[in-house]
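Residue strings, one per chain:
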Amino acid sequence: MNNKVSIVKCEQYSNALSAVERAVSLIGGIEKFVKKGDRVVIKPNLVSKKKPDEAVTTNPDFLRAVIIMAEKAGGIVTIAESPGGPYNTAALKGVYSVCGVDKAIEGTNAKLNFDTAFTEVNYSEGKTVKNIPVINPILEADVIISLPKLKTHAMTSYTGAVKNLFGVIPGTHKAELHFRLNERKAFCSMLVDLHECVKPTLSIMDAVWGMEGNGPTAGQNRHIGLVMASENSHALDMAACRLIDYTPDEVDTVREAVERGLVGRSADSLDIVGESLNELVIKDFLKPESHFNLLKLISLPASLNARLTNALASKPKMNYSMCVSCGECARCCPPKAIDMSLGRPVIDEKKCIKCFCCQELCPKKAVMIKRPLLNRLMLKFLR
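Just so it is clear, the model here is predicted, and its values are computed rather than measured.

Caption draft 1: The overall build of the protein, seen in detail. Scanning the protein from N- to C-terminus turns up 14 helices and 16 strands. Its C-alpha atoms give the protein a radius of gyration of 20 Å, near enough to 21 Å, the size a compact globule of 383 residues would have. Dimensions of the protein along its principal axes, counting C-alpha atoms only, are 55 × 45 × 40 Å. Taken over 383 residues, the protein has a buried fraction of 58%. Put simply, of all contacts in the protein between residues at least 6 apart along the chain, 74% involve residues at least 24 apart. Once the 50 positive and 41 negative side-chain charges of the protein are each reduced to a mean point, those two points are 6 Å apart.

Caption draft 2: Geometry of the pairing of strand β6 (residues 131-135). Judged by how many residues are buried, β6 sits mostly within the fold: 4 of 5 residues are covered. As defined by bridge partners, strand β5 (residues 118-122) adjoins β6 across 5 bridges and the pair is classed as antiparallel. Bridge pairing links Asn122 to Asn131 in β6.

Caption draft 3: Geometry of helix α3 (residues 89-98). The set of residues buried in α3 consists of Ala91, Leu92, Gly94, Val95 and Tyr96. If you follow the buried residues of α3, they end up packed against β3 (76-79), α4 (101-104) and β4 (111-112). Two or three places before Ala90, at the start of α3, stands the capping residue Asn88, its side-chain oxygen 3.3 Å from that residue's backbone nitrogen. Backbone geometry just downstream of α3 places Gly100 in the positive-phi region, at approximately 85°.

About the cut-offs
Residues numbered from 1 in each chain as written. Predicted model: local features only at pLDDT ≥ 70, side-chain atom pairs only at ≥ 80, totals over all residues. Heavy atoms only, no water. Helix = DSSP H or I, 4+ residues; strand = E, 2+ residues; numbered from the N terminus. Rg over C-alpha atoms; globule rule 2.2 N^0.38 Å. Buried < 20%, exposed > 50% of the residue type's maximum accessible area, 1.4 Å probe, protein only. Contact = heavy atoms within 4.5 Å. Lys, Arg positive; Asp, Glu negative; His and termini not counted. Charge placed at Lys NZ, Arg CZ, Asp CG, Glu CD. Pairing = 2+ DSSP bridges. Polar contact = N/O pair within 3.5 Å; in protein donor to acceptor, adjacent residues only side chain to side chain.

Put into structure tokens, the structure is as follows:
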């Protein structure tokens, strides 16, 4: 296993090219990963139509830096992503435009992917899923470069290199997986299966500006000032989690990778090059409300867990003062738990699987995360 992770300072995106090249040079240089004539697919984080200054998606200047670096090595570059919601040409055009991707490729030979075909891939080694639908450009690539964004996440606590690969699942198939695997550990186990099936060649994390709090789209911008890179996404995620003061056990994609032997047991096992990770740890990085789960701290009989999980779990709640009744939350809800018949979204809590897709994809940040009073009081008492 390769546990090398590079960390390079980058205070602003105008310095992204030199920082990205430095980060990759510390783990072997771009020539190690890209050869002349290689079909290179760059997979950024373009979860939804968000402007670059919202710190939700991979910054276009960061993306442009990676394109330039890959083309210098002789790669033939395509940008590919399946954002949240429908996977069609119109949706892709909208995301590429709002996120600044169309501007990022100007002056380069990079192409934007509009092929919305996908293939059902048999992955017999999978622990949780054996068949995975994957968008075709990923399967046709010689080299896959993943560009995750450092953010918190309402469902998975953290989103990074492994979670970024969820964007190779086409459109509504994401909702199907959320519905089938509505328990967090199973969902994160699927993400690790997906990553091991796709196996990106290289991951370069945009940690110049990230997001804390109720991410991945409704949190607060946080300046971090770093670029991180590794050919082992699990090692990169472990380093990023250490940076924002998560333990491996607090993030199920990392915990699962540790259990499968895909990465060492702690950040101390990583081969960190460049900046010192331990000197950069951000102790006050805000976690999502949904991260604070009482059931992590107490052991109860399995027969009680289901009821208590529902009673104590954080839930999405509509902020009607911000809601514009666009219906996007209802369209993206995997269990169809949101009713628009009254002209505004109403959540059926009995149907809700607490995947927080509504919160993630709401264009107006009108979906809040509500932690029950009992949960807050008991956690305060126990901690």
